[in-house]
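Residue strings, one per chain:
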Amino acid sequence: QVQLVESGGGLVQPGGSLRLSCGASGSIFRITAMGWYRQTPGKQRELVATISGGSTNYADSVKGRFTISRDYAKNTVYLQMNSLKPDDTAVYYCNADLSTDWLTPRRVFWGQGTQVTVSS
């Protein structure tokens, strides 16, 4: 069993900052990649940022404002969000592409989500 638990969401004013964290625990053999996605009501979940090895990838809408990082020892991924805008308001989900043992194919696990609200 694998669990991903996000934290760090909340209410922030436009221009402010938040740092999201997501820790993976349980039966983990190897994590290939981790990422952050977000979703607003009535819309599909969209990619925010991913990190795999030393490579990162960002949605155009967050480039230059958000930074994804990972603590490999703690199986934790972070999302530093600066210069937040009302359009960044969403439920943010983390995921991890991982294998639970050396025989089982990788699969993606998701956290439960954390609400980020950007409003004055």
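Okay, so let's go over this structure. None of the values given here were measured: they were computed from a predicted structure.

Quick look at the pattern of salt bridges now. Here the structure, examined in full by the defined rule, presents five salt bridges. Of the charged contacts, one joins Asp-88 and Arg-38 as a salt bridge, the two residues approaching to 3.0 Å between their closest N and O atoms. Residue Asp-88 is found in the loop between strand E8 (76-81) and strand E9 (90-99), and its partner Arg-38 is found in strand E4 (residues 30-39); the two are separated by 50 residues along the sequence. Arg-38 carries the same exposure label as Asp-88, and that label is buried. Here Asp-97 ties to Arg-106 by a salt bridge, and the two come within 2.9 Å at their closest N and O atoms. Connected through shared salt-bridge partners, Arg-38, Glu-46, Arg-65 and Asp-88 make up one network.

Scanning all chains against the criterion turns up one aromatic pair. Centroid distance Tyr-37 to Trp-110: 5.1 Å. Interplanar angle 65 degrees. Geometry classified as edge-to-face. Linking Tyr-37 in strand E4 with Trp-110 in strand E10 (residues 107-110), this pair joins segments that are 73 residues apart in sequence. Residue Tyr-37 is classed as buried on the basis of its relative accessible area of 18%. Sitting over the ring of Tyr-78, Arg-19 keeps its end group 4.0 Å from the ring centre.

The rules behind the values
Residues numbered from 1 in each chain as written. Predicted model: local features only at pLDDT ≥ 70, side-chain atom pairs only at ≥ 80, totals over all residues. Heavy atoms only, no water. Salt bridge = Lys/Arg side-chain N within 4 Å of Asp/Glu carboxyl O. Helix = DSSP H or I, 4+ residues; strand = E, 2+ residues; numbered from the N terminus. Buried < 20%, exposed > 50% of the residue type's maximum accessible area, 1.4 Å probe, protein only. Phe/Tyr/Trp six-rings, centres within 6.5 Å; stacked < 30°, edge-to-face > 60°. Lys NZ or Arg CZ within 6 Å of the ring centre and 35° of its normal.

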